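Listed below are the residues making up each chain.
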Amino acid sequence: MINSIRSTVKNRLSPSVTDMIRMDHTHVVEAFHHYEIDSGPQTKKALVDTVCLALEIHSQLEEEIFYPAMRALAADTPVVNKSIPEHNEMRRLIAELRSMDPLNAHYDQTFMQLMRDVMHHVAEEETTLLPDAERLLADRLGELGAQMTKRRLQLAAPRAGEIALNTVRGFPASSMLVAAGALLAGTYFAKRAFEGQARHRHT
Ligand SMILES: [Fe+2]
Ligand SMILES: [Fe+2]
């Protein structure tokens, strides 16, 4: 009984899954705005790696938690069906970027292509899928948000070293929260990661 009350309270306090998805989208776009064609190769690569990892984690969370919840409710889900091949196309471009030297003449272009695809995908999710979810899943939004936070931490934990290094290399101290946010939106861990990095910089 107490456990079920606890979990109801926790679910009510968790950000809703749809707000969390919007937050992820905003943070990725914000991180992208820090990309400058004239930056050094190491800075570019760190920023691209941050965005790519954020996209990978975000797509996996949607595929494991959000899309199945939508599928279970709506018989016809063309936007969800389209989302998986779109995620796979993003994964293809991410793999290409990872294998590419940032000095390669096609590096900027490949990253821009990825971001064009991301913007298109995000616009569709935000105009169609998320409003549908808020209507159809109204009483489960907090519970799904809590599941997403838990899974996000599991996925990010083994990559913590990589995340910290890319944050230091790719972002000035003033915008480290953008990098942490891109990966860990809405979690207490994001704030801690940011504070830890900022402290590290100042010592
Ligand atoms: Fe998606
Ligand atoms: Fe998304």
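Rules and cut-offs
- Residues numbered from 1 in each chain as written.
- Chains lettered and ligands numbered in written order.
- Predicted model: local features only at pLDDT ≥ 70, side-chain atom pairs only at ≥ 80, totals over all residues.
- Heavy atoms only, no water.
- Core = buried A, V, L, I, M, F, W, Y, C linked by side-chain atoms within 4.5 Å.
- Buried < 20%, exposed > 50% of the residue type's maximum accessible area, 1.4 Å probe, protein only.
- Helix = DSSP H or I, 4+ residues; strand = E, 2+ residues; numbered from the N terminus.
- Contact = heavy atoms within 4.5 Å.
- Donors = N, O, S within 2.8 Å, 3.2 Å for Na, K, Ca; no water.
- Tetrahedral: all angles 85-135°; square planar, octahedral: opposite > 155°, others 65-115°.
- Polar contact = N/O pair within 3.5 Å; in protein donor to acceptor, adjacent residues only side chain to side chain.
- Salt bridge = Lys/Arg side-chain N within 4 Å of Asp/Glu carboxyl O.
- Expected span 1.5 Å × (residues − 1).
- Bend = angle between axes of the 7 residues up to and from the residue.
- Phe/Tyr/Trp six-rings, centres within 6.5 Å; stacked < 30°, edge-to-face > 60°.
- pLDDT = per-residue confidence, 0-100.

*Asks:* What exactly am I supposed to notice about the nonpolar core here?
*Replies:* Most often, soluble globular proteins keep nonpolar side chains buried together rather than apart. Within the largest apolar cluster, 24 residues are counted, with the highest numbers of intra-cluster contacts made by Val 51, Phe 111 and Leu 114. Counting residues per element, the ones that place at least two in this core are helix H2 (17–32), helix H3 (41–73), helix H4 (78–98), helix H5 (107–136) and helix H8 (176–184). Once residues within four sequence positions are removed from consideration, Leu 114 is found in contact with Cys 52, Leu 55, Met 90, Leu 93, Ile 94 and Leu 97. Counting residues in each nonpolar core, the second largest holds 23 residues, with Leu 53, Ile 57, Phe 66 and Val 79 among its members.

*Asks:* I tried to follow the coordination of the iron ion (ligand 1) on my own but got confused; where do I start?
*Replies:* A metal bound by six donors in octahedral fashion has ideal angles of 90 or 180 degrees, whereas one bound by four tetrahedral donors has an ideal angle of 109.5 degrees. Around the iron ion (ligand 1), the protein contributes the donor atoms Glu 62 (OE), Tyr 67 (OH), His 87 (NE2), His 121 (NE2) and Glu 125 (OE), which lie 2.0 to 2.4 Å from the metal centre. The motif formed by the donor residues of the iron ion (ligand 1), counted along the single chain, is E-x4-Y-x19-H-x33-H-x3-E. Separating the iron ion (ligand 1) from the iron ion (ligand 2) is a distance of 3.3 Å, and Glu 62 supplies a donor atom to each of them. In this pair, His 121 and Glu 125 are both assigned in helix H5, four residues apart and thus about one turn of the helix distant. A relative accessible area of 4% places His 121 in the buried class. Residue Glu 125 is classed as buried on the basis of its relative accessible area of 1%.

*Asks:* Explain the coordination of the iron ion (ligand 2) to me, please; I cannot follow it from the model alone.
*Replies:* At this site the iron ion (ligand 2) is bound by His 25 (NE2), His 58 (NE2), Glu 62 (OE) and Glu 125 (OE), with donor distances of 2.1 to 2.2 Å. Every donor counted, the four donor atoms about the iron ion (ligand 2) form angles of 81 to 165 degrees at the centre, which fits irregular coordination. Each donor residue of the iron ion (ligand 2) lies on the same chain, and together they follow the pattern H-x32-H-x3-E-x62-E.

*Asks:* Help me understand the side chain of Glu 86 in this model?
*Replies:* Looking at the element boundaries, Glu 86 is found in helix H4. A polar contact is formed between the side chain of Glu 86 and the side chain of Lys 82, at a distance of 3.1 Å. Apart from the residues lying within four places of it in its own chain, the contact partners of Glu 86 are His 120, His 121 and Glu 124.

*Asks:* Would you mind going over the pattern of salt bridges with me for this structure?
*Replies:* It is possible for side chains bearing opposite charge to pair when their charged atoms get close. Taken as a whole, this structure holds 15 salt bridges when the rule is applied. Across the pair Arg 92 and Glu 96 runs a salt bridge, and its minimum N-O distance is 3.0 Å. One end of the pair is Arg 92 and the other is Glu 96, both in helix H4 and four residues apart, which spans about a single turn. Arg 92 gets classed as partly exposed once you look at its relative accessible area, which sits at 43%.

*Asks:* Even after reading the chapter, I still don't get H3, so can you show me in this structure?
*Replies:* In an α-helix, one full turn covers 3.6 residues, which means residues spaced three or four apart are oriented alike. Spanning 33 residues, H3 covers 46 Å between terminal C-alpha atoms, matching the ideal 48 Å at 1.5 Å per step. Its maximal kink placed at Glu 63, H3 deviates by approximately 40 degrees.

*Asks:* What is the right way to look at the packing of aromatic side chains in this model?
*Replies:* For any two aromatic rings, the description comes down to two numbers: the centre-to-centre distance and the angle of the planes. Across all of its chains, the model carries three aromatic pairs by this definition. Taken together, a centroid distance of 4.7 Å and an interplanar angle of 50 degrees make the contact between Tyr 35 and Phe 111 tilted. Here Tyr 35 is found in the loop between H2 and H3, whereas its partner Phe 111 is found in helix H5, with 76 residues between them in sequence. Relative accessible area serves as the criterion here: at 0%, Phe 111 is assigned to the buried category. Each ring, one from Phe 66 and one from Tyr 67, has its centre 6.0 Å from the other, and the planes form 50 degrees; the classification is tilted. Residue classification places Phe 66 among the buried positions, given a relative accessible area of 0%. Among the aromatic side chains, those forming a connected cluster through ring pairs are Phe 32, Tyr 35 and Phe 111.

*Asks:* What is the right way to look at the confidence of the model for the protein chain in this model?
*Replies:* Parts of the model with low pLDDT should not have their predicted coordinates read in detail. When pLDDT is averaged along the protein chain, the result is 85, and 80% of the positions lie at 70 or above. Averaged over each element, pLDDT in the protein chain is lowest for helix H9 (residues 188–202) (53) and highest for H5 (96).

*Asks:* When you look at the side chain of Ser 16 in this model, what are you seeing that I'm missing?
*Replies:* Along the chain, Ser 16 falls in the loop between helix H1 (2–13) and H2. A polar atom in the side chain of Ser 16 sits 3.0 Å from the side chain of Thr 18. For Ser 16, the side chain forms a polar contact with the main-chain nitrogen of Asp 19, separated by 3.1 Å. Residue contacts for Ser 16: discarding those within four places in its chain leaves Leu 141, Gly 142 and Gly 145.

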